[in-house]
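Inside the fold
Below are the chains, spelled out letter by letter.
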Amino acid sequence: MEIIKSIKEMRLWSDGCRRRGQTIVLVPTMGYLHDGHLSLMREGRRHGDKVVVSIFVNPTQFGPGEDLSTYPRDLERDFNLAKDAGADIIFTPNAWDVYPQGFDTFINQEKLPDHLCGLSRPGHFKGVMTVVAKLFHMVAPQVAIFGEKDFQQLAIIRRMVTDLNFDIQIISHPTVRESDGLAMSSRNSKLSSEQRKSALSLNLALQNAQKLLNEGETRSDRLIQTATDLILSYPGTSVDYIHICDPDSLENVSTITGPAVMALAIKVGPVRLIDNMILTT
Ligand code: AMP
């Protein structure tokens, strides 16, 4: 496995692969890798000849007061994990190369960011789309893999790829969970053992909503209220949002008549966690 920092070198490597007719798969991450990320890499291996893992904590997707400076980082550990998972290249560009002085061009979308995390993190998806589009240009992959844990991000990237004619196949991978159901996240490392117990409430609330739906409760407001009560019964939790929405448009649905996404963002102590589940009737 090779580590590439320079954008120019990344391009040269990709040009070489493309000339040889090899398919490049990109797995974009912010590092502090866990088994969710590693599953994306293993999925990537199935879709191409070379797997590039980008590790870049993207400053433009963090708002003021968010956890950019405290986001967990450990490149040495990440290199070893990615190597074992079969990555060919780790691409770790510097922030000042990605965003040169005077940087002033961003990508935006009109509708999808106006829901879920986009409401509580204004500008977040503008930063995500911009960095993903830039990584697509730098790495020139034919395939890119994204996790379903970030459901809204996945929907937005798919829309961007279609709208801006990126010739890149987007593949999604299901959420990887700890054995007790907690969705893996780099931010889990910031939880105390007490908070870690409270964090279980996210998955429990989603599971419970599906159970109530199976029993005939199709009203979203009832399901959301029950989920809210369940989560708030755990110490140190506060609800940013819980929504039940259409999987394509992300518009809220009031009565569940077909597949709908229950998505939530919860703070456990200072740590903001997200999770989601497709509810099926
Ligand atoms: P991040 O490093 O959090 O920006 O995530 C990088 C990629 O890994 C994104 O496509 C995420 O959706 C995906 N990802 C993060 N956590 C998980 C997980 N628990 N299971 C599957 N994919 C994940």
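Okay, so let's go over this structure. Quantities reported herein were computed from a predicted structural model and do not represent experimental measurements.

**Comments concerning the pairing of strand β8 (residues 260-268)**
Residues in a regular strand point their side chains to alternate faces of the sheet. With eight of its nine residues buried, β8 lies for the most part within the structure. Relative to β8, strand β7 (residues 237-245) is paired through eight bridges, and the arrangement is antiparallel. Directly across from V239, in β8, lies its bridge partner I266. Pairing geometry for β8 and strand β9 (residues 271-279), over nine bridges, is antiparallel. Bridging from a neighbouring strand, V261 pairs with I278 of β9. Between β8 and the antiparallel strand that follows it, β9, lie two residues; G269 among them carries a positive phi value of about 60°.

**Here we look at the sheet that holds β8**
A sheet is described by the order of its strands in space; here three strands give the open sequence β7-β8-β9, paired in antiparallel fashion. For this open sheet the edge positions go to β7 and β9, each flanked by a neighbour on one side alone. Put simply, the sheet's adjacent strands are angled 15° from each other on average, direction ignored. Sheet strands touched by helix α9 (residues 220-232): β7 and β8. Its angle to β7, the strand with the most contacts, is close to 160°.

**Let's talk about the packing of aromatic side chains**
Applying the stated rule across the entire model yields five aromatic pairs. Ring plane angle 35° and centroid distance 6.4 Å describe the contact between F56 and Y99, whose orientation is recorded as tilted. One end of the pair, F56, is in the loop between β3 (50-55) and α3 (75-84); the other, Y99, is in the loop between α4 (95-98) and α5 (116-120), and 43 residues separate them in sequence. Y99 shares its class with F56; the two are buried. Between Y99 and F103 the ring centres are 4.8 Å apart and the planes differ by 85°, which places this aromatic pair in the edge-to-face class. Overall, Y99 belongs to the buried group, its relative accessible area being 13%. For F103, a relative accessible area of 25% corresponds to the partly exposed category. Taken together, the ring pairs in this structure connect F56, Y99, F103 and F106 into an aromatic cluster.

Parameters and conventions
- Residues numbered from 1 in each chain as written.
- Predicted model: local features only at pLDDT ≥ 70, side-chain atom pairs only at ≥ 80, totals over all residues.
- Heavy atoms only, no water.
- Buried < 20%, exposed > 50% of the residue type's maximum accessible area, 1.4 Å probe, protein only.
- Helix = DSSP H or I, 4+ residues; strand = E, 2+ residues; numbered from the N terminus.
- Pairing = 2+ DSSP bridges.
- Axes fitted to C-alpha atoms, helices over the stretch in contact; angles between N-to-C directions.
- Contact = heavy atoms within 4.5 Å.
- Phe/Tyr/Trp six-rings, centres within 6.5 Å; stacked < 30°, edge-to-face > 60°.

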